[in-house]
Amino acid sequence: MANGRPKRPRTILVLGGGGMKGFAHIGVMRALERLGIEVDEVVGTSMGAVMGGLFAQGRDSQSIEAVAQEISVKDYLKLNLLKFLVKGYRHASVYKGRRFLSFLEEHFGDQRFEDLDRPFVCNALSLTRGHMRYFGLPGDAGVRVAEAVYASSCLPGVYEPPRIGEDHYIDGGMAETLSLKIAHMRKAELVIAVDLSIRDQGEDTPFKPSLPHILFQTYNIMGAVLNEHNLHRYVNEHTVLMKPPVSEFGLLEQPDLTELVRIGEREALEVLSTHPLTRYLSDPAVMREVDRTVPTPRDYVRLDVDANACIHCGICASICATQGYADVARGNVVRKVHNYECTRDAACERNCPTGAIRLFNL
């Protein structure tokens, strides 16, 4: 304990995938800067790898936002028309990935992982072995950061899978969109995780009869389902999880960068300033300012069940990782109105067959 304050925990920041929604990560970084919360290591997936890699370089949020302004869907999603005319369906991707890789090479140069200011890990999925590879761990000294980040961001069917060594890789979010596993393996004392897979279960996404829409919507749904199991297993008493409300933004649609940064910063300020694991780490002067604008503590989730719609099937009780519900024949199925241990995976709401469950204060 120094100066009457507890020793700062070794902190790992975990940034999830989410396409262009990943610009919200910049706002999270800005909130960390404002609150004075230090990060020792960074783990990122897909766009979380892009933003996390820039953060691991030692850049601040202003610099990363300036880089993000260069990312244009119009420029980076160029159709591979010529190769489609020549190869047809035998071609590997819908869009050209070279422009995006050149962007990464421009900002990461020939940097290897050991050249970064902070330890950094990003994950990509092997197409030949089906295994997840975590670039940045011991043994990856020869891999360029730009190549690894491109592999982590390579949505199948969208960009050409890169070859690194003797293997080809696709977006790590196809199997693990929020790599909490690595943070725990690295013995983090505090994990700050940013999950962008949140979705409003009460709203349908309009169907569009186009291949990109079907692919991207499939990736969104698949990521949320996979992440449900990931959060069940790895969210624990050392984890601070935030879920910026970015469901209205498309996976690969040009967003309002300023608005996404604002959403990420607001979410992070509310969560980090009220969560018991991070409140004591924050700058007291900033905390006094934030406290005037944050009405509700964010370390619990409110469970709400419409008694008229509930059929008492027991699905919520069977899948809730923190015993928020009771499996009873009649009556109220909620055991904990304010569930402080909630893993925030929204499994109960997503799997409720009648839509009776709503979650608040996520």
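Up top is the structure.
Here goes a summary of the coordinates provided. Bear in mind the structure is a predicted one, so any value in this text is a computation, not a measurement.

Cut-off values and rules
All residue numbers here refer to positions counted from 1 along the written sequence of the relevant chain. Residues qualify for local features only when their pLDDT is at least 70, as the model is predicted, and side-chain atom pairs are given and counted only at 80 or more; totals for whole chains, interfaces and linings, by contrast, use all residues. Values shown for side chains rest on all heavy atoms present in the structure; no hydrogens or waters enter the calculation. Interaxial angles span 0 to 180 degrees and are taken between N-to-C directions of axes, which are lines fitted to C-alpha atoms, for helices over the stretch in contact. Secondary structure elements are taken from DSSP: a helix is a run of H or I of four residues or more, a strand is a run of E of two residues or more, and numbering for both begins at the N terminus. The labels follow the angle: roughly parallel below 35 degrees, roughly antiparallel above 145, roughly perpendicular from 65 to 115, and oblique for the rest. Crossings are assigned a handedness: left-handed for a near helix turned anticlockwise from the far helix by less than a right angle, right-handed for a clockwise turn. Residues count as neighbours in contact if any of their non-hydrogen atoms are within 4.5 Å of one another. Each pair of strands is called paired provided DSSP finds at least two bridges between the two strands. To estimate the expected span of a helix, subtract one from its residue number and multiply by 1.5 Å. We call a residue buried when its accessible area falls under 20% of the maximum for its residue type, exposed when it is over 50%, and partly exposed in between, using a 1.4 Å probe and counting protein chains only. Polar contact is the term for a pair of N or O atoms within 3.5 Å; when the atoms are in protein, one must be able to donate a hydrogen and the other to accept it, and sequence-neighboring residues count only if both atoms are side-chain atoms. The term salt bridge refers to a side-chain nitrogen of Lys or Arg lying within 4 Å of a carboxyl oxygen of Asp or Glu.

## Some points on the packing of helix α1 (residues 24–35) against helix α3 (residues 61–68)
For step 1, the next point in the chain: For the pair α1 and α3, interaxial distance at closest approach is 9 Å and the crossing angle is 165°. With respect to their mutual orientation, α1 and α3 come out roughly antiparallel. Our pair here, α1 against α3, has a crossing hand that is left-handed. Where α1 abuts α3, its residues I26, M29, R30 and E33 lie against S61, Q62, I64, E65 and A68.

## A look at the sheet that holds strand β10 (residues 338–339)
For step 1, the next point in the chain: Reading across from one edge, β10-β9-β11 is the order of the three strands in this open sheet, with antiparallel pairing throughout. Both edges of this open sheet fall to β10 and β11 (357–360), since each of them pairs with a single strand only.

## A word on the pairing of strand β4 (residues 132–135)
For step 1, the next point in the chain: Across four bridges, strand β3 (residues 120–126) lies against β4 in antiparallel orientation. Directly across from L125, in β4, lies its bridge partner M132.
For step 2, the next point in the chain: From the end of β3 to the start of β4, which pair antiparallel, there are five residues, and G130 there has a positive phi angle of about 75°.

## Digging into helix α10 (residues 257–274)
For step 1, the next point in the chain: Here α10 contains 18 residues, and its C-alpha end-to-end distance of 26 Å stays within 8% of the 26 Å for a straight helix at 1.5 Å per residue.
For step 2, the next point in the chain: Extensive coverage of α10 is indicated by the burial of 14 of its 18 residues.
For step 3, the next point in the chain: Near the N-terminus of α10, the side chain that reaches the backbone nitrogen of T258, with its oxygen 3.2 Å away, is that of D256.

## Regarding the pattern of salt bridges
For step 1, the next point in the chain: In the structure shown here, the tally under the stated rule is 20 salt bridges.
For step 2, the next point in the chain: The partner of R8 in a salt bridge is E38, with the nearest N and O atoms 3.9 Å apart. Of this pair, R8 sits in the segment before β1 (11–15) while E38 is found in the loop between α1 and β2 (41–44), placing the two residues 30 residues apart along the sequence.
For step 3, the next point in the chain: Assessed through its relative accessible area of 48%, E38 is described here as partly exposed.

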